[in-house]
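Results of the structural survey
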Number of protein chains: 2
Amino acid sequence: MRDIDIAEVAQLSGVRASTLRFYEEKGLIASHGRRGLRRLFDPAVLDRLALIALGRASGFSLNEIARMFAPDGRPRIDRRALAAKADELDRTIRRLNAMRDGLRHAAVCPAPSHMECPTFRRLLRVAAARKIGEPNKAGKARRKVKS
Amino acid sequence: MRDIDIAEVAQLSGVRASTLRFYEEKGLIASHGRRGLRRLFDPAVLDRLALIALGRASGFSLNEIARMFAPDGRPRIDRRALAAKADELDRTIRRLNAMRDGLRHAAVCPAPSHMECPTFRRLLRVAAARKIGEPNKAGKARRKVKS
DNA sequence: CCTTGACCTCAAGTTCACTTGAACTGGCAG
DNA sequence: CTGCCAGTTCAAGTGAACTTGAGGTCAAGG
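1. Observations concerning the overall build of chain A
Across its full length, chain A holds six helices and three strands. Each helix (α) and strand (β) of chain A, taken in turn from the N terminus, gives the series β-α-α-β-β-α-α-α-α. Across the 147 residues that make up chain A, the buried fraction comes to 45%. Across chain A, every contact between residues at least 6 apart in sequence was considered, and the portion connecting residues at least 24 apart equals 44%.

2. Here's the deal with the state of the cysteines
Residue and element names in this part refer to chain A. Considering all chains together, one arrives at zero disulfides over all chains under this definition. C109 takes part in no disulfide bond, and the closest cysteine sulfur, belonging to C117, lies 3.2 Å away. With a relative accessible area of 6%, C109 lands in the buried category.

3. A closer look at the packing of helix α1 (residues 6-13) of chain A against helix α2 (residues 17-26) of chain A
Residue and element names in this part refer to chain A. Axis separation between α1 and α2 bottoms out at 9 Å; the angle between their running directions is 105°. The angle between the axes of α1 and α2 places the two elements in the roughly perpendicular class. The segment α1 lies against α2, with I6, V9 and A10 engaging A17, L20 and R21. Here the residues of the contact of α1 with α2 sort into five nonpolar, no polar and one charged.

4. Details of the sheet that holds strand β3 (residues 38-41) of chain A
Residue and element names in this part refer to chain A. Strands sit in the order β1-β3-β2 across an open sheet of three strands; the sheet is antiparallel. For this open sheet the edge positions go to β1 (4-5) and β2 (33-35), each flanked by a neighbour on one side alone. Note: β1 against β3, two bridges, orientation antiparallel. Paired with I4 across the bridge in β3 is F41.

5. Considerations on the environment of L28(A)
Residues and elements named next belong to chain A. Inspection of the secondary structure puts L28 in the loop between α2 and β2. The exposure class assigned to L28 is buried, which follows from its relative accessible area of 0%. Between the C-alpha atoms of L28 and M68, which are 40 residues apart in sequence, the distance is 9.6 Å. The contact partners of L28, leaving out residues within four places of it in the chain, are Y23, R48, I52, L62, I65, A66 and F69.

6. Here we look at the environment of S31(A)
Residues and elements named next belong to chain A. By the element assignment, S31 lies in the loop between α2 and β2. In this structure, the C-alpha to C-alpha distance between S31 and R21, residues 10 residues apart in sequence, is 9.3 Å. The residues contacting S31, other than those within four sequence positions of it, are E24, R39, L40 and F41. Here E24 takes part through its side chain, which lies 2.4 Å from a polar atom of the side chain of S31.

7. Points about the nonpolar core
Judged by nonpolar contacts, the single largest core of 81 residues is most densely connected at I52(A), F120(A), I52(B) and F120(B). Among all residues touching F120(B), those that are not within four sequence positions of it are L51(A), L54(A), I77(A), A106(B), H114(B) and M115(B).

8. Observations regarding the confidence of the model for chain A
Mean pLDDT over chain A works out to 82, with 84% of the residues at or above the 70 mark. Counting contacts from residues 132-147 of chain A, a segment whose pLDDT is below 50, to residues more than four positions away or on other chains yields 43 contacts.

9. A look at the pairing of β3(A)
Residue and element names in this part refer to chain A. Two strands pair when backbone bridges link them, and β2 and β3 are joined in this way by three bridges, in the antiparallel orientation. By the bridge assignment, R34 is partnered in β3 with R39. The hairpin formed by β2 and β3 contains two residues between the paired strands, and G36 there has a positive phi angle of roughly 70°.

10. Side note on the sheet that holds strand β2 (residues 33-35) of chain B
Spatially, three strands are ordered β1-β3-β2 (chain B) in an open sheet, and the strand pairing comes out antiparallel. For this open sheet the edge positions go to β1 (4-5) and β2 of chain B, each flanked by a neighbour on one side alone.

11. Some details on the environment of D42(B)
Residues and elements named next belong to chain B. Inspection of the secondary structure puts D42 in the loop between β3 (38-41) and α3 (45-57). Sequence separation of D42 and D3 is 39 residues, and the distance between their C-alpha atoms is 4.8 Å. Contact partners of D42, with chain neighbours within four places excluded, come to R2, D3 and H32.

Reading the values: the criteria
Residues numbered from 1 in each chain as written. Chains lettered and ligands numbered in written order. Predicted model: local features only at pLDDT ≥ 70, side-chain atom pairs only at ≥ 80, totals over all residues. Heavy atoms only, no water. Helix = DSSP H or I, 4+ residues; strand = E, 2+ residues; numbered from the N terminus. Buried < 20%, exposed > 50% of the residue type's maximum accessible area, 1.4 Å probe, protein only. Contact = heavy atoms within 4.5 Å. Disulfide = S-S within 2.5 Å. Axes fitted to C-alpha atoms, helices over the stretch in contact; angles between N-to-C directions. Parallel < 35°, antiparallel > 145°, perpendicular 65-115°, else oblique. Nonpolar A, V, L, I, M, F, W, Y, C, P; charged D, E, K, R; others polar. Pairing = 2+ DSSP bridges. Polar contact = N/O pair within 3.5 Å; in protein donor to acceptor, adjacent residues only side chain to side chain. Core = buried A, V, L, I, M, F, W, Y, C linked by side-chain atoms within 4.5 Å. pLDDT = per-residue confidence, 0-100.

Here is the structure:
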C-alpha cells in the first residue's frame with residue numbers, strides 16, 4: 001500500500017482534506033508526489049499527523065511543532081522544550097484539578113447563590129489567583145464533523 | 001471606596017482597560033455610571049471578573065459565560081452545565097496526564113530517535129486515540145503584558 | 001470520446017478574544 | 001482660562017487555525 005491519496009489520509013487520520021492541504025502549505029507535512037494534480041502521500045504521513053496531534057494536544061502551536069521537524073523531515077525534538085512543556089502541563093493539570101473540584105462542588109452546592117458559598121468563593125480566588133485575566137484554554141473539544 | 005475607575009479595575013484585576021471595554025461591550029460586565037465620559041465601576045466588578053476568569057480557566061467561552069449571567073446581573077449558573085464541564089475537565093486532565101508522562105519520558109528517552117522509542121510510540125497512539133486532529137488546547141499561557 | 005466527480009489552486013471568509021490607531025472629550029492642576 | 005492626558009468611541013487589525021467558494025483540471029468509467 002504505497003502512496004495513499006488525500007481522501008484516504010483524511011479517512012485514516014480523521015483530519016480533513018482542507019486541513020491536510022493547509023498543513024502541507026505550512027510545511028507540517030509533505031506529499032510525496034502527484035498523480036495528475038492529486039497529491040500522493042506516503043503512509044508515514046499518518047505518523048507525522050499523530051505527532052502533530054500529540055504536539056497540539058500538549059499545547060504546542062503549529063508553528064512550534066513545525067520547528068520540531070528538522071529540515072530533513074525527521075523529528076528533531078528538543079528535549080528541553082519537552083521537559084518545559086511537561087512542567088507547564090503539570091501546572092495546568094493542577095489548576096484544572098482545582099477547577100474541576102470547584103465546579104463539581106458548585107454543581108451540588110446548597111447555598112442559595114453561588115456567591116454566598118464559601119467553597120465557590122475559594123474557587124473564585126483560585127481562578128483569580130494567577131493574575132485575573134490570564135486565559136488558560138482547557139478542554140476545548142469542538143466540532144467533530146460539523147453538524 | 002465606592003466606584004472605581006477603569007484604570008483601577010485594570011490595576012486590581014490585572015485585566016487591561018481595552019479588555020474591560022471589550023467585556024462591557026459584550027455584556028460581561030457593566031459600568032455603573034460615568035463621570036464625564038469616564039466609566040465608573042462598582043468594586044463588585046472584581047468578583048465578576050474573577051467569575052469570568054474562572055469560567056475561562058474552566059474552558060467556557062466568553063459567550064457561554066455571558067449566558068451564565070441572568071438578565072438581572074446575578075450569576076445564574078446552570079448546575080448541569082457545571083457538572084458537564086467538570087466531567088469534561090476530568091477527561092481533559094486524564095489526557096493531559098498521559099501527555100505529560102509521555103513528554104517527560106521523551107525528554108529523557110535514550111532511544112536514538114523518538115520514533116524508535118516504544119514509549120514515545122505509545123504516547124503517539126494516545127494522542128492519536130480520540131480521532132487524530134481534534135485539538136485540545138491545554139496550557140496556553142501567554143503574554144503577561146506583552147514584551 | 002466524453003462526462004463525471006474527486007481533487008486542485010488561490011483568495012477570501014470565519015471565529016475567538018482581544019489590541020491598536022485615529023480622532024475626540026472633559027475633569028482637574030496650575 | 002488653558003492645556004494636559006487619561007479616558008472615550010469606532011473601525012480596523014491581529015493571529016491562530018482552519019473552512020469555504022469560485023473556477024479549473026484530469027484520470028477513469030461508460
